[in-house]
Amino acid sequence: QGYVEYRFPQVISPGTPLETLVFSMEIASEAPRSNEDYPSDITLWVNGVEIGTWTSPGDFGNERGALTPEWWGGRNSQYGLLKLWKITGESTYVDGLKISDTRLADLRLADQPYISLRIGVSADAQFVGGLNLFGRKFGNYPQDIVMTMHFTKHAEAATEMETFETADTPK
């Protein structure tokens, strides 16, 4: 159980029509050494608001991660799954599947100069199995935690979208 928290710069001007907020990361459970059958309920919070929980199926060490350096022991966690957490005006999704009713408005994004992302495992979770996060030089995906914002350029042109993307900044 526990969490890690990252803060991303707040770049949304007041009144900007944000369509979606997306977090992408390579993540897995944490087991002693590794264990592909070791579920863990991993929860995300944005600005202190729980957006939902996804159950990781295991801690993957059955084969070496494509990017994992040679000095990292072969019996340790090697890679995770690339997960896409998306918050919209109506709900929150992981890889396109609805996981909660938390909406963008619930996050109060304009209330502070950063967007806080907390990734953790609650003490009261059904599967308290810890978590592994993989950065751009470990695992199978060459990326850090990425936050992407999609918003309309003009309120009257709802189909015209802009995207802003930023990498993680540890708290």
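Counting restarts for each chain, with residues numbered from 1 along the sequence as it is written. Per-residue local features are limited, in this predicted model, to residues with pLDDT of at least 70; the limit for side-chain atom pairs, both in listing and counting, is 80 or more; totals at the level of whole chains, interfaces and linings are taken over all residues. Where side-chain values are given, they derive from all heavy atoms of the structure, hydrogens and water being excluded.

Participant: Help me get a handle on the overall build of the protein, residues and values and all.
Facilitator: Numbering of helices and strands runs from the N terminus; a helix is a DSSP stretch of H or I covering at least four residues, while a strand is a stretch of E covering at least two. Helix and strand counts for the protein stand at zero helices and eleven strands. Counting contacts in the protein only where the partners sit at least 6 residues apart, residues at least 24 apart contribute 67% of the total. Element-wise, carbon and sulfur atoms account for 50% of the exposed surface of the protein, whose accessible area totals about 8,900 Å². In this analysis, two residues are considered to be in contact whenever any of their non-hydrogen atoms come within 4.5 Å of each other. Accessible surface area values rest on a Shrake-Rupley calculation with a 1.4 Å probe, where residue burial reflects the displayed protein chains alone.

Participant: Got a sec to walk through the environment of F8? Specific residues and values, please.
Facilitator: Following the sequence through the fold, F8 ends up in strand β1 (residues 2–9). The exposure class of F8 is buried, given its relative accessible area of 0%. Through-space distance from the C-alpha of F8 to that of L117 is 7.8 Å; in sequence the pair is 109 residues apart. Working definition: with a 1.4 Å probe on protein chains only, accessible area under 20% of the residue-type maximum means buried, over 50% means exposed, and in between means partly exposed.

Participant: Kindly report on the side chain of T102, identifying the contributing residues and their values.
Facilitator: If you trace the backbone, T102 turns up in the loop between β7 (97–100) and β8 (114–121). Excluding anything up to four places from it in sequence, T102 contacts V49, E50, I51, I87, S91, T92 and L107.

Participant: Provide a residue-level description of the confidence of the model for the protein, including the pertinent values.
Facilitator: One number per residue, pLDDT, summarises how confident the predictor is, and it ranges from 0 to 100. Averaged over every residue, the pLDDT of the protein is 90; residues scoring 70 or more account for 89%. pLDDT under 50 marks residues 157–162. Its contacts with residues more than four places away, or in other chains, come to 14 contacts.

Participant: Tell me what's going on with the side chain of S77, and back it up with residues and numbers.
Facilitator: Tracing the backbone shows S77 in the loop between β4 (49–56) and β5 (81–87). Note on S77: relative accessible area 7%, which makes it buried. Here the side chain of S77 touches D59 through a polar contact of 2.6 Å, side chain to side chain. Any pair of N or O atoms that falls within 3.5 Å is considered a polar contact. Within protein, one atom must be able to donate a hydrogen and the other to accept it, and sequence-neighbouring residues count only if both atoms are side-chain atoms.

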